[in-house]
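Listed below, chain by chain, are the residues.
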Amino acid sequence: MQVEEYLNKIAESEGTVHLTLIDPASQTPDQAAEIAHAAVLGGTDAIMVGGSTGAGGVLLDQTLLKIKERTDKPTILFPGNASGVSKHADAIFFMSLLNSRDINYITTNQAMGAPVVYKSGIEPISMAYIIVEPGGTVGWVGDAKLIPKHKPELAVAYALAGKYLGMHYTYLEAGSGADLPVTPEMIGAVKHVLGDNKLIVGGGIRDGETAKMCALAGADMIVTGTILEESSNVTAKIEELVSAIKK
C-alpha cells in the first residue's frame with residue numbers, strides 16, 4: 001500500500017491521523033530511533049523526518065536508517081529545502097510554501113529536489129504548506145508572509161489555491177514550539193473548502209485536549225514534535241494524544 005493511501009484510509013476509518021515529527025538536528029540518530037520506537041508504542045501512525053535547519057545530508061540518512069531498524073511504520077520526509085531528500089524514506093511531503101516571499105521555497109527547491117525524488121523512487125505526496133502566526137523558526141527561515149491567526153479567510157484563499165493547483169494535502173503550520181495552535185475557526189474554514197482533500201495541522205499541540213480540539217474542528221491529521229523532545233515519557237504522551245483524536 002502506498003503511504004498516501006495508508007494515511008487516507010486511517011483518516012477515513014479510524015479518525016484523525018497522528019504523525020510524529022523528528023528533527024534529525026535535535027538529537028543523535030540512535031536517540032531519534034528511540035523516540036520513533038516509543039511513539040509507535042504509543043500509537044502514532046507514521047514518522048515524519050525533517051527540520052528547518054541542519055536536517056539534511058548524512059545526518060538525515062543515518063537518522064532514517066536507524067528509525068527503520070526500530071519500526072516498520074512509514075517514514076515521510078518533511079524537507080526544509082532540496083538537501084532534505086533521502087532515498088531511505090518511504091515517502092516525501094513534496095510541498096510548496098505558498099505564502100513565502102522567497103521563490104526558492106515556492107518552486108526552486110522543488111525543482112532541485114524533484115530529480116532526486118524521481119531517481120530514488122520514494123513516493124511524493126503533494127502538499128500546500130501554509131504558515132500561520134506565530135510561525136516560529138520555519139516562518140523566519142522560509143520568509144513567510146504569516147497568515148494572521150484571526151484571518152481564516154486568508155488561509156482559505158491559499159488552501160484553495162493549493163487545491164486548484166492539484167495538491168492533495170494542505171498543511172496549516174503554527175510553527176514548532178508555538179504557544180497556541182491554529183485556531184479552530186481557521187481549521188474549520190479551511191477544511192470546509194478542501195472537501196475530500198486532507199488537512200494537516202501542526203504547531204502548538206501539546207496535550208490531548210488541544211489535539212481533540214483540532215480534530216473536532218476538521219483536522220484530518222495532526223503533527224507533534226517539540227513536545228516529544230521535551231517529554232520524559234514519549235509513549236505516554238503519544239497515547240494521550242492518540243486517544244483524544246481517534247474514533
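- For the chain, the name recorded in an unreviewed UniProt entry is Geranylgeranylglyceryl phosphate synthase, with Methanolobus vulcani as its organism.
- Quoted verbatim from the Subcellular location (unreviewed entry) field of the UniProt record, the comment on the chain reads "Cytoplasm".
- On record in UniProt, under Sequence similarities (unreviewed entry), the comment for the chain is "Belongs to the GGGP/HepGP synthase family. Group II subfamily."

### Remarks on the packing of helix H6 (residues 152-164) against helix H7 (residues 184-194)
Then step 1. Axis separation between H6 and H7 bottoms out at 9 Å; the angle between their running directions is 30°. Considering their axes alone, H6 and H7 lie roughly parallel with respect to each other. In this structure, the crossing between H6 and H7 has a hand that is right-handed. Across the interface between the two elements, Pro-152, Ala-155, Val-156, Ala-159, Leu-160 and Lys-163 from H6 touch Glu-185, Met-186, Ala-189, Val-190, Val-193 and Leu-194 from H7.

### Brief notes about the packing of aromatic side chains
Then step 1. Taken as a whole and judged by the stated rule, the model has four aromatic pairs.
Then step 2. With centroids separated by 6.1 Å and ring planes inclined at 55°, the aromatic side chains of Phe-93 and Tyr-169 adopt a geometry described as tilted. Remark: Tyr-169 occurs in strand E6 (residues 169-173) and Phe-93 occurs in strand E4 (residues 91-97); sequence separation between them is 76 residues. The exposure classification of Phe-93 matches that of Tyr-169, with both residues buried.
Then step 3. Ring centres 5.1 Å apart and planes at 80° place the aromatic pair Tyr-129 and Tyr-171 in the edge-to-face group. Separated by 42 residues along the polypeptide, Tyr-129 in strand E5 (residues 123-131) and Tyr-171 in strand E6 bring together distant segments of the chain. The pair Tyr-129 / Tyr-171 is uniform in exposure class, with both members buried.
Then step 4. Site record: aromatic cluster; members linked through ring pairs are Phe-78, Tyr-129 and Tyr-171.

### Digging into the packing of H7 against helix H8 (residues 208-217)
Then step 1. Relative to each other, H7 and H8 sit at 30°, their axes nearing to 8 Å. Viewed along their axes, H7 and H8 adopt a mutual orientation that is roughly parallel. In this structure, the crossing between H7 and H8 has a hand that is right-handed. Packed against H7, whose contacting residues are Pro-184, Ile-187 and Gly-188, the element H8 presents Met-213, Cys-214 and Ala-217 at the interface.

### Observations regarding the pattern of salt bridges
Then step 1. With the rule as written, the count across this model stands at ten salt bridges.
Then step 2. Between Glu-230 and Arg-206 there is a salt bridge; the shortest N-O distance is 3.2 Å. Here Glu-230, found in helix H9 (residues 226-230), pairs with Arg-206, found in the loop between strand E7 (198-202) and H8; they are 24 residues apart in sequence, far enough to count as distant.
Then step 3. Measuring nitrogen to oxygen at the nearest pair gives 3.0 Å for the salt bridge that ties Lys-237 to Glu-240. Residue Lys-237 and its partner Glu-240 are located together in helix H10 (residues 234-245), separated by three residues, close to a single helical turn.
Then step 4. Judged by relative accessible area, Lys-237 falls into the buried class, the value being 16%.

Procedures and definitions
Residues numbered from 1 in each chain as written. Predicted model: local features only at pLDDT ≥ 70, side-chain atom pairs only at ≥ 80, totals over all residues. Heavy atoms only, no water. UniProt positions renumbered as here; feature names shortened; annotations may be inferred. Axes fitted to C-alpha atoms, helices over the stretch in contact; angles between N-to-C directions. Helix = DSSP H or I, 4+ residues; strand = E, 2+ residues; numbered from the N terminus. Parallel < 35°, antiparallel > 145°, perpendicular 65-115°, else oblique. Left-handed = near helix turned anticlockwise from the far one by under 90°. Contact = heavy atoms within 4.5 Å. Phe/Tyr/Trp six-rings, centres within 6.5 Å; stacked < 30°, edge-to-face > 60°. Buried < 20%, exposed > 50% of the residue type's maximum accessible area, 1.4 Å probe, protein only. Salt bridge = Lys/Arg side-chain N within 4 Å of Asp/Glu carboxyl O.

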